[in-house]
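Take a look at the letters that make up each chain.
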Amino acid sequence: MRTRPLDLVAPALVTALLIGCGGSTPAPTAATASAAPTEAPAGQAMQPEFDAPQDEGSASTARREEAAAIDAVDRGAAPAEAAPPPAPPVAAAPGTPTPGPAQSRATKAGAARGADARIQVTGGAPAPKKAAAPAATAVARPAPPPAAVAVTAPEPQGSETYRDYGVNPVEDPAKDRLSTFAIDVDTASYAIARRKIMDGALPPYQAVRAEEFLNYFDYGYASPATGPFAVHLAAAPSPFTSGHHLVRVAVQGKRVPVKERTPVHLVYLVDTSGSMQSPDKIELAKKSLRMLTDTLKPGDTVALCTYAGSVREVLAPTGIESKGKILAALADLTAGGSTAMSSGIDLAYSLAERTLVKGHVNRVIVLSDGDANVGPTSHDEILKTIKRARDKGITLSTVGFGQGNYKDLMMEQLANQGDGNYAYIDSEAQARRVFSEQVGGMLQVIARDVKIQVEFDPSFVKSYRLIGYENRDVADRDFRNDKVDAGEIGAGHSVTAIYDVELKAPAPKGEGAAPVVVRLRHKAPLGSNTAEETLVKMAPGAIAPTFDAAPADFRFASAVAGFAEVLRHSPHARSWRLADIEKIARAAASSKGDQQELIGIIRRAGALANGRTDAVAVNAD
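As the structure is a prediction and not an experimental result, all values here were calculated from the model.

Counting secondary structure elements, the protein chain contains 15 helices and 17 strands. Taking all 621 residues of the protein chain together, 58% fall into the buried category. Counting contacts in the protein chain only where the partners sit at least 6 residues apart, residues at least 24 apart contribute 81% of the total.

Below, the discussion takes up the nonpolar core. Ranked by internal contacts, the top residues of the largest apolar core, which has 47 residues, are F213, F556 and F563. With ten residues, helix α13 (residues 552-567) is the largest single contributor of residues to this core. Beyond its immediate sequence surroundings of up to four residues, F563 is in contact with I197, F213, L578, I581, L598, I601, I602 and A605. If you look at the next biggest cluster of nonpolar residues, it comprises 34 residues, including L292, L330, I365 and L443.

We now examine the sheet that holds strand β13 (residues 461-467). Either a parallel or an antiparallel arrangement is found when strands of a sheet pair, and the pairing is made through backbone hydrogen bonds. Taken in spatial order, the four strands of this open sheet run β4-β5-β15-β13, and their pairing is antiparallel. Taken across any chain shown, the strands that pair with only one partner, and hence form the sheet edges, are β4 (229-237) and β13. Strand after strand, the sheet turns through a mean of 20° between neighbouring axes, direction not considered. Across nine bridges, the pairing between β4 and strand β5 (residues 244-253) is antiparallel.

The next thing to look at is unusual backbone geometry. Look at D449: it is not a glycine, yet its phi comes out positive at around 45°. With respect to the helices and strands, the residue D449 is situated in strand β12 (residues 445-456). Residue D449 is classed as buried on the basis of its relative accessible area, which comes to 10%. Phi angles above zero are rare outside glycine, and Y469 is one such case at about 65°. For Y469, the position within the fold is in the loop between β13 and β14 (487-490).

Using the criterion set out here, one finds 15 aromatic pairs in the structure. Where Y190 meets F217, the ring centres are 5.1 Å apart and the plane angle is 65°; that geometry is what we call edge-to-face. Here F217 lies in the loop between α5 (210-214) and β4 and Y190 lies in helix α4 (residues 188-198), a separation of 27 residues in the sequence. F217 shares its class with Y190; the two are buried. When the ring of F456 is compared with that of Y464, the centres are 4.3 Å apart and the planes differ by 15°; the resulting orientation is stacked. Taking relative accessible area as the criterion, Y464 reaches 1% and is therefore assigned buried. For the cation-ring pair, R433 lies above Y216, with the distance from its terminal atom to the ring centre recorded as 3.8 Å.

Before going further, it helps to spend a moment on the environment of S436. The topology assignment puts S436 in helix α11 (residues 428-437). Separated by 143 residues in sequence, S436 and T293 place their C-alpha atoms 9.3 Å apart. If we skip the residues at most four places from it in the chain, S436 touches T295 and A431.

Within the secondary structure, T546 sits in the loop between β17 (532-537) and α13. Residue T546 is classed as partly exposed on the basis of its relative accessible area, which comes to 39%. A C-alpha to C-alpha distance of 6.0 Å links T546 and A236, two positions 310 residues apart in sequence. Residues within four places of T546 in sequence aside, it is in contact with A236 and P237.

With that settled, consider the pattern of salt bridges. Tallying each qualifying case throughout the model produces 39 salt bridges. In this structure, D485 engages R390 in a salt bridge whose closest nitrogen and oxygen atoms are separated by 3.3 Å. Taken together, the positions of D485 in the loop between β13 and β14 and R390 in helix α9 (residues 379-392) put the pair 95 residues apart, joining distant regions of the chain. In this structure, D485 and R390 share a single accessibility class: buried. Between R568 and E565 there is a salt bridge whose closest N-O contact spans 2.6 Å. Overall, the relative accessible area of 1% leaves R568 in the buried class.

Calculation rules
Residues numbered from 1 in each chain as written. Predicted model: local features only at pLDDT ≥ 70, side-chain atom pairs only at ≥ 80, totals over all residues. Heavy atoms only, no water. Helix = DSSP H or I, 4+ residues; strand = E, 2+ residues; numbered from the N terminus. Buried < 20%, exposed > 50% of the residue type's maximum accessible area, 1.4 Å probe, protein only. Contact = heavy atoms within 4.5 Å. Core = buried A, V, L, I, M, F, W, Y, C linked by side-chain atoms within 4.5 Å. Pairing = 2+ DSSP bridges. Axes fitted to C-alpha atoms, helices over the stretch in contact; angles between N-to-C directions. Phe/Tyr/Trp six-rings, centres within 6.5 Å; stacked < 30°, edge-to-face > 60°. Lys NZ or Arg CZ within 6 Å of the ring centre and 35° of its normal. Salt bridge = Lys/Arg side-chain N within 4 Å of Asp/Glu carboxyl O.

So far we have only geometry, and geometry alone does not tell us how the molecule works.
What follows is the structure, given as C-alpha cells:
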C-alpha cells in the first residue's frame, strides 16, 4: 500500500504466494507468525454466514453464460453445504492497551473484527495445519507431486488470495476529531464481486473493499472551475441506522481533452504463463491492449514484453505512428510455462527507462492473474524495485484477469506501490470501460500524493466512522508530511468517501461554523514536491432534512456503500437488508448502464444470500 511499510506488506505477500503455488511455508518468524494460516474443513471455501458455495473452476464460466442468457438458473442439483459462520468480534481482554490517536486507523480497523488483517485462499484441498493464528483464514492445496526431470512444474490452480483489512471502528471526535487517508481510485474489488455473483456465488468477504465499490461508478459530479479538482460535500439522515446521518465527501478531477493530454510512454508487461491460458485471460488481455493502443496519439510510444518461464522483449519502444507493428506484436502473444514475475518487472523497467522523459507520463502496465511461482527475487524485493522506479518517475498499474487461481492481494499491492491504478477485467465490456471510455484517468495525471483529512467538530458530532479505505489510512500527523507517499488523481477521476455519523446537536447556523471541515493536500503532477492545501467547509444547506430529499447521486452512493457493507459482513450492517438497499438503488439510479446493472446484481446477491438457485439473471453490458 502506498502508506504501509514494506516490512509489513512483504511477509504477507510471500506467505500468500507460497500457499497459492503449492510450496512449503517457512517456519513463522516474529514478523509472520500473526499471519500464519489455519486449517479449514475439506471442500469448504472460507465463506462466513450466508455465503453460497463457490466453484472457482471452468463450470463457473458455463454458469455465467447461462445466467446472461436466461431469466432463471436451474442447475438441477442441491447446493453444497454452506461453510460455518465466522466467530463474532472478540472483545479486548482486560488490560489490553488502547490504541493512541497517532496509531494507524488501519490497525484499529483490524480490531473491529476482533482480529488482524487476514488472508484468504479459496479452493482446493486443505494443507496441513500451520501454527495457530486466529487472525488468518486459509484453505490451501497440497503440494503437487514432483515434476519429471527437466519438465516445467504445472501452474497452480484452484486457489485465490485476498486480504481482509478489517472494518473501520466508530470514533469519538472528542478523542480523535481527524480522519486522514490517501486517495484511492482502484475499482477491481467491485468487478471481482460482480463476476462471482453473476457466476452464482457471493464473493469472499475478504475480497470486498468498500471504497472500490464506491469509486467504480460515475456520479456526475461537477468539474472544477479552476484547479485540478472540485470538492462536493453532502449529508442526509441515514436510511440504514435510525438517528444517524451519512456524510459524503466527493472529489472530482478535471477532465482533460485528448488533444491536450501529455505524451505517454507505456510498457505493456503481459503474463504469458500457463495459468493465463484461457479465453478470459490471455485473449481478453490482448483485446484490452488493442483497445488501449487505439486511444493513443502521435508522440506516444509503446513497448511490449512478456514473462513466463523466462522473460522476452517482444517489441522495443515504438511510436504510435507504427501502430500496425504494435498490434501485430500483440496478436502473436500466446500463453504457456511457469511465472517469473520479478524478472519480467525488471525488463519492463529497463524498457521504460529508454523512453523516460521528464514531464511525460511513463508507466508500466502489468496484465496478469497475479500468480507468480518462479523468480530469483523475493516479493519484498519486487516491491522495493517498484518504489525505486516510482521515485524516478515511472509508475505502475495492474490489470487482473481470470478466476480460480487469482491473486488479488498481489495485484493490489503492486499497483499501490507503483502509484498506479488497479482494475479487473472480466469481459469485453469491462475492457472497453477501462481502456477506452475512462482511459484518460490512466494516461493523464493531474495531482500527485493526494491526501484527505476530514475534521469533525465534537460540539455537534457524537461519533463518526469512515466506510472503507481501511488500507489507505494515513497517520493524522503525516497529513502535512510531504515525504509520505499517497495516491494520485487522473484526468476525470472521481473519488467518493462516505461516513456514518451520529450528531448530538443540530447543524450550526452561524457564519463560518461547520460540523465537518475537509482539507485536501496534493502535489502538482510535475515540478515541485511541495504540496498545496485546500480547505472546504460543509455548508448548512448541504445537509438534507430527509434521505429522500438528498440528491439522487448521494442516495445511489449510499446504496453502493450499503451493498459493500453487507457483502463484507461489516459488524455495523448486521441489520441491513439487501432488499432495502435494492429499493434505494432503484429509486436513485440514473439511466447509465452500470447503475442499472447494480440493481440486478443486488437482487441476485439477495437471492444467493437466501440460498435460492433461481436468482435473477443480470446483464453484463
